[in-house]
Every structure is written in structure tokens, then in C-alpha cells.
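Reading the structure
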Number of protein chains: 2
Amino acid sequence: MSAIKIGLFGLGTVGAGIVEVIAKARNANAEIKRICVRDKNKKRKTDVNPTIITDRREDVFNDPEINLIVEVIDDPEAAYEIACEALKRRIPVVSGSKAMIAKNLPNLIELQRKYDTALLYDASACGSIPVIRNLEEYYDNDLLLEVKGILNGSSNYILSRVFDHNESYADALARAQKLGFAESDPSFDIEGFDSLFKLVIITVHALGVYVSPDDVFTYGISNISDCDISYAKEKRMKIKLVAQVIKISESRFTMFVMPQFVAPSRYIYSVDDEYNGIVIRGECYDRQFMFGKGAGSLPTASSILSDVMARLHDYRYEYKKMSYTGRPSYTTDLSLKVYIRYQMTPIIELLPFTKINERYNSEKFNYVIGEISLSDLIKNRNVLHVDDVFLVNLPTFFEDNE
Amino acid sequence: MSAIKIGLFGLGTVGAGIVEVIAKARNANAEIKRICVRDKNKKRKTDVNPTIITDRREDVFNDPEINLIVEVIDDPEAAYEIACEALKRRIPVVSGSKAMIAKNLPNLIELQRKYDTALLYDASACGSIPVIRNLEEYYDNDLLLEVKGILNGSSNYILSRVFDHNESYADALARAQKLGFAESDPSFDIEGFDSLFKLVIITVHALGVYVSPDDVFTYGISNISDCDISYAKEKRMKIKLVAQVIKISESRFTMFVMPQFVAPSRYIYSVDDEYNGIVIRGECYDRQFMFGKGAGSLPTASSILSDVMARLHDYRYEYKKMSYTGRPSYTTDLSLKVYIRYQMTPIIELLPFTKINERYNSEKFNYVIGEISLSDLIKNRNVLHVDDVFLVNLPTFFEDNE
């Protein structure tokens, strides 16, 4: 490709960032030819020639000069339609829609193969941190053992206000919403789904296996209480929302999104505020740690720019690991050690612990530390999502020390 | 390339690691066909079929099956001969020899173009941290402003023993040598040349400009004394050996290797022991931080493996940024603020400071903090390398806060 003519879908926060970043990148050889938005007449702060704005998808698809679709809209269904339509027309796509990609990756890979074209989405996982590209190209071997990280900036910002600035959870959430870190419906970030979608994408590029988001245990931070916060602080730990994919043997791996107690010696302990941080662990190189801004208009847009420029050289993901021999298979058949705090719910009766390590009861709150299989946690999701219950993983149980 | 048949030069620490890593990488489709060593009869711990070992270069070059040369010998002149010979025969090369590459990069780029073949060397800069590949492919745009890092594990280990474990410099150096982190002649690490060579390579891929190592101000840590260490500790800072390339305007950049005072708020403050850490700063994504093992047998070998596997897909560096319009040019014409400690040498008389900010004199030691141009530091290298003098950069002078 000698020059890139972009058809851009979406002119929200990230879309506006893309306009700004493409203008700065003098050597990118890229130009935004058309922009498709929901409401053509909306007043916009971004300085864009109004004649290139349209509200009809076909104006973009039928422009013969456009050779790349960039899609950054916040509606996963519409995003999927746009991506499919573009791929079927053999127009490569750069996307930042993690939910759309995580839910539809097998189909999207099939479409890329069938129509011999490319879908790039490094911006969908951890904004400006090049995690997908590095897993696909640099850690493209059998040595990889684990990818673990703080993948959601909003929930991390809230926990950071709580643990580093001694705010209450409610105040921290309100502050995050005020700053625009958390949506007015914050459940996508707070309940772990944003981290989950990123983890599903990462796992495809880390181990070559697609696991449906529905099959992954995902537990957010909305039920955290002052009791849990005090407990963690007494132990000199922080609670972080951690997404993790890990090989537990040569042939099996597991994955989940859960709050974890994190000790100061761990890399992710110091990933504060709205930052993201990822630890990539391998057999011979030990641990690599990458850290940066995971979200926001310009960081996400600069990641989109990297994908756009990769198309100058016809780059595409090869999904090499999906054809590797000896790919590990996904399992939830493993034991975890967890802390579960509860008030009224009779947790110990309701959950099939294989071992109880500690019990604590008081007038204020109760907790149990015990061993339980991941599959039993999945089966008993309902019990764990009751208002007076909060779960935290004790990851040292099956991990080496960092 | 469907299967990789490697001709390996060197079976020292890294070479033995490569043998181990290639054996583990079942899906790499790579095999070590021949190994060329200096002394064929040397007893080796590595389990290698002795019939593939040779001491004659031509046995490797003349093997028609060999389609990749991996070169990890510790003699830069011989390494250069091998790389040139291979490239002229259109055999791609993977190398870990930073000194060889940093000194000869313009010629090596020319040979790659002339003979339409590839030289990869991600292992040469920071072992397992994929810095070259990311600068070349992911940060391949005009947004990059700065790359700064701790690029040498041995000197960092020594400083870490001093600042984190309260050892004396002499004890720390001895411990590093005992552990094999520092060579018996440690000047390559300690005087900053290892960091310098890595910085020269990084700068080519960061800004598209080659600067000869001879033209870069390089100052190591061998003259550090207890006075400097106490001074830093009093200010709640550490001294780190930092390599840095930074745009100081749209059209100009500078680079140097120097000890720096580093405050706890900086990312590189917590890069301890033998680790490397790199901060990549850009206009829109702010700061990215990468952290990992920068040296050692297996970390370096796993980086070599990444380059080997990249050849499966015919990957090569395009040196795109070298043809960008508006490339910045190298300058040493800028003012730095430095701390210089001295005993007898009359530093204030000998150096053309443009401003003196602080002076301190005592029976034990003296120091001056002043402003001086980088070009004047280069001109007065001799004065600075006198035994009783030690220089530390105060980088906040021309940088934003991190």
C-alpha cells in the first residue's frame, strides 16, 4: 500500500483523537477521506472539513479510493456489521472495539482468511501498550507461560484512590465518573467485562486458543467494602482487579478476571491510577513488564496509528499459534485459594470448599479463606454476586513468587 | 522460509542458551545445523552432537542447507567479518553483538540493501526486552520524543547493591564479578560503553539517524565515591547510569550516557539489580515503560529466538525512519545542569560553566552544581576522567516531570 485513505467510523473521544494524531504523523502517508457518524448535525469540537462527514455507511464503503476502514464506535453490534461488511469487500479494518472483537473473533478470523484481508486491533487491548503485536510477533514461540495484568484503567483508578489516597470506594467511583474514566453505567469497567474482553483477545495471541467470554470466570470490584480494604491494608497489600491467563501444565491453561491481593514485591502493585500494566512470563526470559496508558483519546488513537501504519507494509496477524502442535487446552478444573467476605449469606454452607484454611467471624463482618475449584466458583456465580459477599483471589497459591 | 537451518557462531554463555532455547521451541521449525567455535576441543557443558561442531568458518558458509547465520561471539572484529561474509552470500544474519553493530551500522545497512538480505539484532539491545522491534514497527511514526533507559545490567546491579543494600561500591563490584555480571575487565559495562552501543542502535530505530559512538558523550560510574552516594541518599535519590536520546526541538535531538540523580517518582528509579528498563515517550501516548532481564544466557537466547522465528516470515528491518522527511539532526549544542564532585582538581577553573548554581567545599570533598553545554563536556572529557572527579546529570533541567 503506498498511501492510506481512511474511512473512519466514529468521531467520539477516540475518533477525534485519531483525527489529531493522523494530522501530526507527517510521514504516515495517511489521510482521512470520509467520516461516518450517527448524527451528522451534531456540533463537534474537532476541526474537520464538514463535507467529509456522512451518516450513511455506503458513502464510505462505496468510495473507491478508501483502502482502510478504521472503526471506533461504541456500539458492538454496529461495529461488527461494519467490520464484516468491510472484510467481505476485502477492505482491511483497524478496530478498537474490544467487546465486538472478543465476542466474534472466530468469525472475524475466518472472514480475514476467506477474503484474504486484514483486521488489526492492537488498540483494543490496553490502548498504547503494544501487547497484541508483541505476543503475535515477538513472543511467538512455545516459551510463553503466563500473561497477567491490570487491563482496565477505570477500575484501577478507583482502587488506586482507595488504596493510595485513602478515599472511600463511593467517593472514588464518583471522582472517576466526574473525570470521565468510568461511564455513567460503570458496570462494564467495574464488573470486569472490559478486562475480560481484553483477556480473551490476549489469549488468542498468547496461546493460540479462543475461549468464549461466557466461559471465563469474571468477578468485579463493585461489592468491595471497608472491611475488605482494611483487611488488605493490615496485610500491607492492595486489592487490584487482575486478568490472567496461565499455563498450569504442559497441556492445560486457565484464565479468569478477579480481584487479587497484591503484595508490594509484585510488578503490578505499582500500577496506579488509570494506568495499565502487563506482565508476560516465559520459560527462558522470566518476566517482562509493560506499563503505560491503557485508555484515553490520544493514547488509544496513537495505538490506532500504529496499526494504520502497519498496513503501509501490508501487515496482518497470522494467528500462527492457532496452528501450533501441542496447543494447551482451556480448563477450569483447578483449585484456587480465595478470601470470601460475607455478612448474612452462609457462604461456607453454600460453596463446596475442598479445604477451609481460615475463618473469621465478628459483629461487623465474616470471612473465610479456603480452597475451591474454579469450576465450582463458576457454578456458584449467583451466590458470589449477592450484595453482602466479596471475593478476592490469593494468587500465591499456585504461582511462584515474583 | 519454511524451515530454518542455523549456522551458529559461538558456543559461550549465550550460544549455549540458544541451543537450549531452540530445543524447547517445538513450533519454531528451526534446527542448529552447524556450530563454529574457536576451540573445537574445549570441554563443554552443553549437550551438542560433536560432529556439528567445527572451527572453520567455511564449513558453515559452504553448507548449502544453512539459511540463517546466528552470531554470538565476543570478538567484535571477527563478528563483523562473519556478518559481512554472510550478507554478501545473501544469508540472513541474527546477531547479538552490540559493539559490532553500533560501530558498523551504516555499512551493515548498505550490505542488507545491496544483497537484499536481512540482519536482525533485537538481542543486542536489552536482551529480552523487545525494544528495537517496537521502535521499528510499533512506534514507527513521528510522535516519538524520547527513549531513556537503564540499558546495562551489570552497572545497574552494582548501583543497586550500593543504593538498595547499602554496600560499598568496591564490595558491590566484587560481588557482581563473582556472580558473573561484570567481566574481569568491567570497563565495558562500568564506563558506559555497553550502554552507549545500545543507545546508538536504539537511536537509528527511534529517530532514523545514525550517530557514531565516538561522537556521543559517555561517562561511567567508576569514579563514584561515598561522598556522592551520601549526597544522593540525603536528597532521597538514587544514582543510575542512564542512556538517553531526546528531541530538544522539532529539528534537533541529543543523546548521551551519564550517571543521573533519579527521584522515586521516576519509572527507572525502581529498575533494580541486573534488570533493564526503558521509557519510550511520545507526543500522544505519554510514557511507555518496558522492564525485563537485559542480559544473561537464556533471556538473551530467547530474544535471539524471536529474531530467528521472525525470519520464518521473512521479516527484516526496513529502517523506515531513515527516509522520513524532517528527520531531526544530532546536536551537542545544549545546556545541561550537572553535579561535579572533586577533591584536588580545580573543576570550576577548568570547565567553562555558563552558570554556577551551587558550590560546596569541605575538608572531605567539594562539589559544584552548574550549567554547561554538552559540547563543552565532550571537549573536556580528560578533566572529567581524572580520579578525583565524578559527574552526575541533573536531568530535570530540560525535561518535564514524569
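Before reading on, note that the structure itself is shown above.
Residues numbered from 1 in each chain as written. Chains lettered and ligands numbered in written order. Predicted model: local features only at pLDDT ≥ 70, side-chain atom pairs only at ≥ 80, totals over all residues. Heavy atoms only, no water.

Some remarks on the relation of the copies chain B and chain A
Turning one copy of the chain about an axis and sliding it along that axis gives the other copy, so a rotation and a shift relate them. Between chain B and chain A, which share one sequence, the superposing operator has a rotation angle of 180° and an axial displacement of 0.0 Å; the RMSD is 0.0 Å. The operation mapping one copy onto its partner corresponds to a two-fold rotation axis. When C-alpha positions in chain B are compared against the rotation axis, the closest is assigned to Met-290 of chain B, at 2.3 Å. (Least-squares fit on C-alpha atoms with pLDDT ≥ 70 in both.)

Here's the deal with helix 4 (residues 98-114) of chain B
All names here are of chain B. Look at helix 4: 22 Å from first C-alpha to last across 17 residues, which is about the 24 Å you get at 1.5 Å a residue. Roughly 80° is the biggest bend found in helix 4, and it falls at Asn-104, with proline Pro-106 one to four residues downstream. Residues of helix 4 that are buried include every one of Lys-98, Ala-99, Met-100, Ile-101, Ala-102, Asn-104, Leu-105, Leu-108, Ile-109, Leu-111 and Gln-112, and no others. Positive backbone phi, approximately 50°, marks Asp-116, located one or two places after helix 4. (Helix = DSSP H or I, 4+ residues; strand = E, 2+ residues; numbered from the N terminus. Expected span 1.5 Å × (residues − 1). Bend = angle between axes of the 7 residues up to and from the residue. Buried < 20%, exposed > 50% of the residue type's maximum accessible area, 1.4 Å probe, protein only.)

Remarks on the pairing of strand 7 (residues 144-150) of chain B
Residues in a regular strand point their side chains to alternate faces of the sheet. All names here are of chain B. The element strand 7 is extensively covered by neighbouring structure, given that six of its seven residues are classed as buried. Note that strand 7 and strand 11 (residues 275-282) share six bridges and pair antiparallel. The residue bridging Leu-144 from the neighbouring strand is Gly-282, located in strand 11. As defined by bridge partners, strand 7 adjoins strand 9 (residues 238-247) across four bridges and the pair is classed as antiparallel. Bridge pairing in strand 9 links Val-147 to Val-245. (Pairing = 2+ DSSP bridges.)

Observations regarding the pattern of salt bridges
Residue and element names in this part refer to chain B. Under the counting rule described, the total for this entry stands at 52 salt bridges over all chains. Where Lys-33 meets Glu-65, a salt bridge forms, and the shortest distance between an N and an O atom there is 2.9 Å. Taken together, the residues Lys-33 in strand 2 (residues 30-36) and Glu-65 in the loop between helix 2 (57-61) and strand 4 (68-71) connect sequence positions 32 residues apart. Look at Lys-33 and you get partly exposed, because its relative accessible area is 22%. Asp-272 is the partner of Lys-240 in a salt bridge, and the nearest nitrogen-oxygen pair spans 3.4 Å. Of this pair, Lys-240 sits in strand 9 while Asp-272 sits in the loop between strand 10 (252-262) and strand 11, placing them 32 residues apart in sequence. According to the relative accessible area criterion, Lys-240 is buried, its value standing at 1%. By relative accessible area, which is 22% here, Asp-272 ends up partly exposed. (Salt bridge = Lys/Arg side-chain N within 4 Å of Asp/Glu carboxyl O.)

Looking at the side chain of Ser-124 of chain B
Residues and elements named next belong to chain B. Checked against the element boundaries, Ser-124 lands in the loop between strand 6 (119-120) and helix 5 (131-138). Exposure remark for Ser-124: the relative accessible area of 0% places this residue in the buried category. Engagement of the side chain of Ser-124 in a polar contact is seen with the backbone oxygen of Tyr-121, the distance being 2.7 Å. Residues within four places of Ser-124 in sequence aside, it is in contact with Ser-95, Gly-96, Ser-97, Lys-98, Ile-101, Lys-198 and Ile-201. (Polar contact = N/O pair within 3.5 Å; in protein donor to acceptor, adjacent residues only side chain to side chain. Contact = heavy atoms within 4.5 Å.)

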